[in-house]
Amino acid sequence: MHALAQAINHQGKLVPFSTLTDSFDFRALEPSLQAASMVQYIYEIYGVTALKAFWAQGLENAQNIIGLSAAELEKRWTIHIQQEKYTANINWQAIKNSGCE
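Residues numbered from 1 in each chain as written. Predicted model: local features only at pLDDT ≥ 70, side-chain atom pairs only at ≥ 80, totals over all residues. Heavy atoms only, no water.

Participant: Can you help me understand helix 4 (residues 48-57) in this one?
Facilitator: In an α-helix, one turn spans 3.6 residues; hence positions three or four apart end up facing the same way. Taken together, the buried positions of helix 4 are A50, A53 and F54. Viewed along the axis of helix 4, the buried residues span an arc of 100°, placing them on a single side of the element. Facing away from the buried side of helix 4 by over 90 degrees, the exposed positions are T49, K52, W55 and A56. In the core, the buried residues of helix 4 are packed alongside helix 3 (29-46), helix 5 (62-66) and helix 6 (70-81). Once helix 4 finishes, G58 follows within two positions and takes phi at roughly 90°, a positive value. (Buried < 20%, exposed > 50% of the residue type's maximum accessible area, 1.4 Å probe, protein only. Helix = DSSP H or I, 4+ residues; strand = E, 2+ residues; numbered from the N terminus. Arc of directions from axis to C-beta. Contact = heavy atoms within 4.5 Å.)

Participant: Explanation requested: helix 6 in the structure shown.
Facilitator: Between the first and last C-alpha of helix 6 there are 17 Å, a value that for 12 residues agrees with the 16 Å anticipated at 1.5 Å per step. Buried within helix 6 are the following residues: L73, W77, H80 and I81. Mapping the buried residues of helix 6 onto a view down its axis gives an arc of 85°, with all of them on the same face. Facing away from the buried side of helix 6 by over 90 degrees, the exposed positions are A71, K75 and I79. (Expected span 1.5 Å × (residues − 1).)

Following this line, the structure appears as structure tokens:
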């Protein structure tokens, strides 16, 4: 998911976290993949308890959940997905045709 999010970022198609949480469009490919990477990041860095808390309390409570503002969380996630290990050639047509198999 992080490789896909990195590619989306390089295309200039990342949307602000608030857009993901306030008006999520399940039909849009890039925001769905971005959200998946965000969930993966929260799980990897902050653990399952934090992920459950975000699910129950929302992004607006990031400060209470992990001690960071939502903006700082977004900034750290964006830096995280830019790591070289997530650089990959993405076949967008295959994903659009078959999903993320």
